[in-house]
Structures are given as C-alpha cells and as structure tokens.
Amino acid sequence: MTEYVHADRVPADILAMGDTLARIRHDIHQHPEIGSGTIRTCSVIARELVDRGIHFTADRVHGAVIAVVEGSRPGVTIALRADMDALAVADCSRTDWKSAAPGLAHACGHDGHIAWLIGTLDVLQQRRDFPGRVVGIFQPAEEIGGGARRVVDAGVLEEYGPVEIYAAHGTPSLPKGLIGVRAGSAQASCDFFYITLKGRSAHAARPQHALDPITTAALLASSFQTILSRRLDPFDPAVLSICAIRAGDIDTPNVIPDHLAISGTIRAFDPEVRSFIEREMRRMTEHIAAAQGLEASVRIDHITPPLVNAPGPAAAAKAMARELFGPDGWAESAMTMAGEDFAEFVNRVPGTMIQVGLRDEDHEEVLHNPAFDFNDAVLPATVWYLSELTRSRLEALTQAATPAA
C-alpha cells in the first residue's frame, strides 16, 4: 500500500486516484518508447482520456497527444506539458513493472509526468468551475531534443493561444513531495558537437610517415578546456565535455589510424557565451588541425536553448506550493547544466518548469541512472497542486484580461 505524500492535505477524491495513476505509469514504464516513436504511449494516453471524456487530438504532431479541457465560462488559455519519451538505457530496477523492452527504460521519470498530467486534466474535467480552457501537451522526443520544437512548428501554440505554460519534472535531488521553483535562468542550453580529423595512416614504428589524428585530438582536448578556464569570465557558468573519441582498431596496436571522430556537448546559460564557445571551438579545430597537417570538419547541433523561467509564473508556482503544502512545502530550485526542451515553449509563452521531489530511502538513484524508478507516492499531491495552480492562474489572468465595466 503506497503512502502518499501530503495525504492529510490532499482532497480524498484526488488521493483515491493514486492507485489508478500508478497503474497507468507502470504500464507506460513497462513499455518504454524513445524519440518520436511513442505510438503505444499515445494509445495509452488516448484510452485514458477517452475514459475521462476529455477531448484530444493525436494527429497534429507525430508521437504527441494534445488534449483540451474547457472551463465553465469564457477566459484565457493555459497550457500544461508532460514529456513522454524514454531513454536508450537498460532498465536495472527491480520492480514488477520493469521495462519489457531490451535497452530501453523510463530512467528520467517521464512515465510519472504522463500520469500526473492525465490526473490533472481529469480533475479539471470533473471540476470545470474555472474560466477559459486548459491545453494538455503530451510531448515526445525531449531526451533527444526537437520534440518541443515540432509542437511549436506545428502551430499548436498559435492555434490555442496559451498565455502561460507550465511543466513539472520529478527529481531525486529534492525530498519527496517538496516543490522546487526558480525564477530566471534554470537550465542550460544543450548542444552536441561532432568533429572529424583526417590524416594519413602509417606503421606505428614509422610515425614520421603519418599525419596522426590521435596526437592532434589530444591537443584539441586540452586546448578546448582553455576556452572555459582562460577565455570566459569565471562568473559565466559553462561546460564543454568531450564524451567520445573513436579511432583505430584496438586489436591492431601497430597502426597509426588515418582518421578520428570526437563527440561531446556544450552547455551554457548565456546565449552569447554559447555562441562564443562554438566560435572558439571551430577556430581552434581549424588551426590546430592545419598546424598538424590534417583536414578537419566540425558539426554542432543546437539541441535546446537555455531554459529561463518567467517571473510571474514562477511566483505563482511558489505561492501555490506554500498555500497547499505550508511554508516549508517549497524550495528554491538549483540551476542545472542539464538541458530541457521545454525552453522552446517558454521562449514564446511565459512559463516555468516546476521540480517535484522524489527522494526517499527507496528512491535515491539519480535521473538517467539505469536503476532509477519514479516515486508513485507524489502522484496525487502533484495532481492537486497542478490543478489548483492552473485554476488559480486562469481566474487571475482572465480577470486581468477582462476590460473594466
């Protein structure tokens, strides 16, 4: 029997939803899908929305579901977003609902995000005593980036016109049930880089005949770090990580290879810092490779922009956490270098990413760890929180948008 957090505060009917929401999550967890291939996940969401009488469309964006709940009177629109995709990692958890798909796992908790958005829409559908409407965006391809942008490019924001947008993400960095909110810069941009070096192969005993990409890669690796340590202001946080180098044949240790591939990631909060790092990497690669007689190419994929939470929505999220869970029911979220494509939405509509604590003695694994599993104990409280936050913002923003008599 799950002991739900804030059980003494959450309304009984919402608390009673806990087991059903956990069942939905376990089903999704057991059948993870990655990228935009979230077809089965969409069918599960669609089935649950149909059962609750919630209108939706699943043909606007491949692998996504867009749901709508209408209030009882005219007003503005607010959007709620949940990401849906899993990770390409093995599931090493020990639960009855362990992934049945080899090499795939919901190691970031998106299965829980789906469940609490279904529950939130259900509560709002049952209690439609609010103005305007709520748009629920079940979004694929967050882990690989591009999912939020596809929703934006499909015109979903233009069609429904939300004035604010909210998302929540479970995190074991906070105790279970604690709400984390931060106004302003919250999560870094995410870019992936791919560098190839083309030299000349030779016998390892005759290196003078080679143009060695391995020694050139070593020069690049050390030089790249000086961008952060010697070219940037120490108060501008950034990360440049080389995560993979591939060259030669491990079983042929007497041949200098003719080519080498490097990949990694760049993270920053400031768009100017992000651009500066990219320019310096390209410049260094070009000149260091040329100095060693090699050809080089650089590809940098811009995955997500920095996530900057709008002050108004962030303040409202903090106030609602205090109202529902008491003065100690929320904490200031820490900035993180992890990327989040929810930034694509808040770059266009004021919004905020809310953190929901998951940590207890049975849920201490960090996100993206193969042993991670979402904590069902937070589901009812999060549903109550998101539904009350949405209702409150619809009332306040509709009133603000209504001309005085």
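See above for the structure.
1. Observations concerning the overall build of the chain
Within the chain one finds eleven helices and 16 strands. On C-alpha atoms alone, the chain measures out to a radius of gyration of 24 Å, which is about the 22 Å that the 2.2 N^0.38 rule sets for 405 residues. Its C-alpha atoms put the chain at 80 × 50 × 40 Å along the principal axes. Counting the 405 residues in the chain, one finds 54% classified as buried. Taking all contacts inside the chain whose residues are at least 6 apart in sequence as the whole, residues at least 24 apart take part in 82%. With an accessible surface of roughly 17,400 Å², the chain has 53% of that area assigned to carbon and sulfur atoms. Positive and negative charge centroids in the chain, built from 36 and 52 side chains respectively, lie 4 Å apart.

2. As for the packing of aromatic side chains
Under the defined criterion, the tally for this structure stands at five aromatic pairs. Ring centres 6.4 Å apart and planes at 80 degrees place the aromatic pair phenylalanine 193 and phenylalanine 224 in the edge-to-face group. Of this pair, phenylalanine 193 sits in strand β8 (residues 190-198) while phenylalanine 224 sits in helix α7 (residues 213-231); the two residues are 31 residues apart in sequence, bridging distant segments of the chain. With respect to burial, phenylalanine 193 and phenylalanine 224 carry one shared label: buried.

3. With respect to the pairing of strand β16 (residues 351-359)
Within β16, eight of the nine residues are buried, which leaves it mostly tucked inside the rest of the structure. Here strand β5 (residues 164-175) pairs with β16 via eight bridges, running parallel. Following the sheet pairing, histidine 169 is matched in β16 by glutamine 355. As defined by bridge partners, strand β6 (residues 179-181) adjoins β16 across two bridges and the pair is classed as antiparallel.

4. A closer look at the nonpolar core
Among the nonpolar cores identified, the biggest contains 59 residues, and Trp116, Leu121, Phe138, Ile354 and Tyr385 are the most heavily contacted of them. The biggest single contributor to this core is helix α11 (residues 379-401), with nine residues. Discounting chain neighbours no more than four positions away, the residues touching leucine 121 are Leu49, Ile54, Ala67, Val69, Val134, Gly136 and Phe138. Membership of the second largest hydrophobic core comes to 23 residues, among which are Leu260, Ile266, Val273 and Met281.

5. Let's talk about the sheet that holds strand β2 (residues 65-70)
Where strands meet in a sheet, backbone hydrogen bonds hold them as pairs that are either parallel or antiparallel. Read from one edge to the other, the open sheet built from eight strands follows the order β1-β2-β4-β3-β5-β16-β6-β15, with strand pairing classed as mixed. Pairing within the sheet leaves two strands with one partner each, and these edge strands are β1 (55-57) and β15 (330-332). Across this sheet, the average inter-strand angle for adjacent strands is 25 degrees, counted without regard to direction. As judged from the eight bridges shared by strand β3 (residues 73-83) and strand β4 (residues 131-139), these two strands associate in the parallel manner. Across the sheet, residue threonine 77 finds its bridge partner in β4, namely arginine 133.

6. Some details on the side chain of asparagine 309
The topology assignment puts asparagine 309 in strand β14 (residues 307-309). The exposure class of asparagine 309 is buried, given its relative accessible area of 3%. A polar side-chain atom of asparagine 309 sits 2.7 Å from the main-chain carbonyl oxygen of arginine 182. Contact partners of asparagine 309, with chain neighbours within four places excluded, come to Arg182, Ala183, Gly184, Ala186, Gly351, Thr352 and Met353.

7. Structural notes on the environment of arginine 246
Locating arginine 246 in the fold gives a position in strand β10 (residues 238-247). If we ignore the near neighbours within four places in the chain, the residues touching arginine 246 are Leu260 and Ala261.

8. Observations concerning the state of the cysteines
A full pass over the atoms with the stated rule returns zero disulfides. For the unlinked cysteine cysteine 92, the closest cysteine sulfur is that of cysteine 108, found at 16 Å. When its relative accessible area of 46% is taken as the criterion, cysteine 92 is described as partly exposed. The thiol of cysteine 190 is unpaired, and the distance to the nearest cysteine sulfur, on cysteine 243, comes to 9.9 Å. Overall, the relative accessible area of 5% leaves cysteine 190 in the buried class.

9. A look at unusual backbone geometry
Even without being a glycine, histidine 6 presents a positive backbone phi close to 55 degrees. Locating histidine 6 in the fold gives a position in the segment before α1 (12-15). Despite not being glycine, alanine 141 shows a phi value in the positive range, around 55 degrees. Relative to the helices and strands, alanine 141 resides in the loop between β4 and α5 (147-153).

Rules of the game
- Residues numbered from 1 in each chain as written.
- Predicted model: local features only at pLDDT ≥ 70, side-chain atom pairs only at ≥ 80, totals over all residues.
- Heavy atoms only, no water.
- Helix = DSSP H or I, 4+ residues; strand = E, 2+ residues; numbered from the N terminus.
- Rg over C-alpha atoms; globule rule 2.2 N^0.38 Å.
- Buried < 20%, exposed > 50% of the residue type's maximum accessible area, 1.4 Å probe, protein only.
- Contact = heavy atoms within 4.5 Å.
- Areas by Shrake-Rupley, 256 points an atom, 1.4 Å probe, with all protein chains shown as cover.
- Lys, Arg positive; Asp, Glu negative; His and termini not counted.
- Charge placed at Lys NZ, Arg CZ, Asp CG, Glu CD.
- Phe/Tyr/Trp six-rings, centres within 6.5 Å; stacked < 30°, edge-to-face > 60°.
- Pairing = 2+ DSSP bridges.
- Core = buried A, V, L, I, M, F, W, Y, C linked by side-chain atoms within 4.5 Å.
- Axes fitted to C-alpha atoms, helices over the stretch in contact; angles between N-to-C directions.
- Polar contact = N/O pair within 3.5 Å; in protein donor to acceptor, adjacent residues only side chain to side chain.
- Disulfide = S-S within 2.5 Å.

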